[in-house]
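Each chain, letter by letter, is given below.
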Amino acid sequence: MKLGIVGLPNVGKSTLFNSLTKAGAESANYPFCTIDPNIGVVAVPDERIRLLGEMYKSKKVTPAVIEFVDIAGLVKGASKGEGLGNQFLANIREVDAIVHVVRCFEDSNIVHVDGSIDPIRDIETINLELIFADIEVLERRVAKQGRAAVNDKKVAKEVAMIKRLIAFLEEGKLAKSFEREDEEEEEWFKAYNLLTAKPVIFAANVAEEDLADNAANNSYVNQVREFAKQDGSEVFVICAQIEQEIAELDDEEKAMFLEDLGIKESGLDQLITASYRILNLMSFLTAGEDETRAWTIKIGTKAPQAAGKIHSDFERGFIRAEVVNYKDLLECGSLSAAKEKGIVGLEGKDYVVKDGDVILFRFNV
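Read on for an overview of the structure. (Residues numbered from 1 in each chain as written. Predicted model: local features only at pLDDT ≥ 70, side-chain atom pairs only at ≥ 80, totals over all residues. Heavy atoms only, no water.)

**Re the sheet that holds strand β2 (residues 38-43)**
Pairing in this open sheet of six strands is mixed, and the strands run β2-β4-β1-β5-β6-β7 from one edge to the other. Of all the strands in the sheet, the pair left with one neighbour each is β2 and β7 (234-238). Shown here is a sheet whose adjacent strand axes are inclined to one another by a mean of 25°, direction ignored. Sheet topology places strand β1 (residues 2-6) next to strand β4 (residues 65-70); four bridges connect them, and they run parallel. Among the inter-strand pairings, I5 is bridged to a residue of β4, identified as D70. (Pairing = 2+ DSSP bridges. Helix = DSSP H or I, 4+ residues; strand = E, 2+ residues; numbered from the N terminus. Axes fitted to C-alpha atoms, helices over the stretch in contact; angles between N-to-C directions.)

**Digging into the packing of helix α4 (residues 119-145) against helix α5 (residues 153-170)**
At their nearest, the axes of α4 and α5 sit 10 Å apart, and the two run at 155° to each other. As summarised for this structure, α4 and α5 are arranged roughly antiparallel, according to the angle between their axes. Crossing of α4 against α5: the hand is left-handed. On the side of α4, the interface is formed by I131, D134, I135, L138, E139, R141, V142 and Q145, while α5 contributes V155, E158, V159, I162, K163, L165, I166, L169 and E170. (Parallel < 35°, antiparallel > 145°, perpendicular 65-115°, else oblique. Left-handed = near helix turned anticlockwise from the far one by under 90°. Contact = heavy atoms within 4.5 Å.)

**Topic: the pattern of salt bridges**
Summed over all chains, the structure comprises 26 salt bridges. For R93, the salt bridge goes to D134, with nearest N and O atoms at 3.5 Å. Here the residue R93 occupies a position in helix α3 (residues 89-93), and D134 occupies one in helix α4, the gap between them amounting to 41 residues. Here R93 and D134 have matching classes, each one buried. For R140, the salt bridge identified is with E136, shortest N-O distance 3.2 Å. Of this pair, R140 and E136 both sit in helix α4, four residues apart, which is roughly one turn of that helix. Judged by relative accessible area, E136 falls into the partly exposed class, the value being 33%. (Salt bridge = Lys/Arg side-chain N within 4 Å of Asp/Glu carboxyl O. Buried < 20%, exposed > 50% of the residue type's maximum accessible area, 1.4 Å probe, protein only.)

Here it is, written out as structure tokens:
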């Protein structure tokens, strides 16, 4: 999973990135200090693989990972070359979802690029730049396909759809709410990899005092929540500065620190949960003496395709899957004990993998 972190300059974007990845991206009180995208990989905290690893005495325990890309601060007019221009585009097109950091705190010591705090204005500024960038991509596609459309009905149909889509975007709407008329249009739409078609998670960056009650009385955050509800997006509340402090602590100190603040989960934990939910993802597990590992798949994936995540040969030569829930396996203490109890299922090609399944794949190539 790859997430791109975007936001206007000085909203706490790089501070959040630093704390999430401990990668040390430069963070300073002036615009555009993040010029090249910084990339960091974060392990997904998962108690299940730790416990299974201990049970199997595994040589290696490998968690699922999320890759974060910190993308240079956008400003109004970026698509026309303002600020850093659209250098961000190539980097953001490759991500699965966008984490949009929105400033929801007052601080006279940290300048806002537009001179005042207004989260909805900030969101719409960035959305508009993404819309302009998408229109540019689509117009290039029309120019390329234009001649062929004269003699090819399929190409003509695609060009007509693109023109509909451009008109839709020009109304200030995001591509993700554009209606596709059939499967063919759906395939074309996916191939364009439009920025405004990507799922969005808003990170509402607040002052420390707003964390304990999840910013219930912060009017800026409530505006973002209302916007996200209409937009079909996720929202979570963070204090980027606190996240940076948490990042320096070990697990025990972190738990105590969070308890003192009156919060249950760190921003990273909330972001991971929101990411899995908005991208419709879950994890299955493999366990043994050599390695215990979490594998991220789409909800609804069948056993052979899940096997293919490990190796293409597993999918090609799939015979069956031995499946047991991780809790049942831990309670039994071993796979053989679980088999004796009759709680290990022998599943075929139509089995839909569940979150927390521990699977041993049988295959023959």
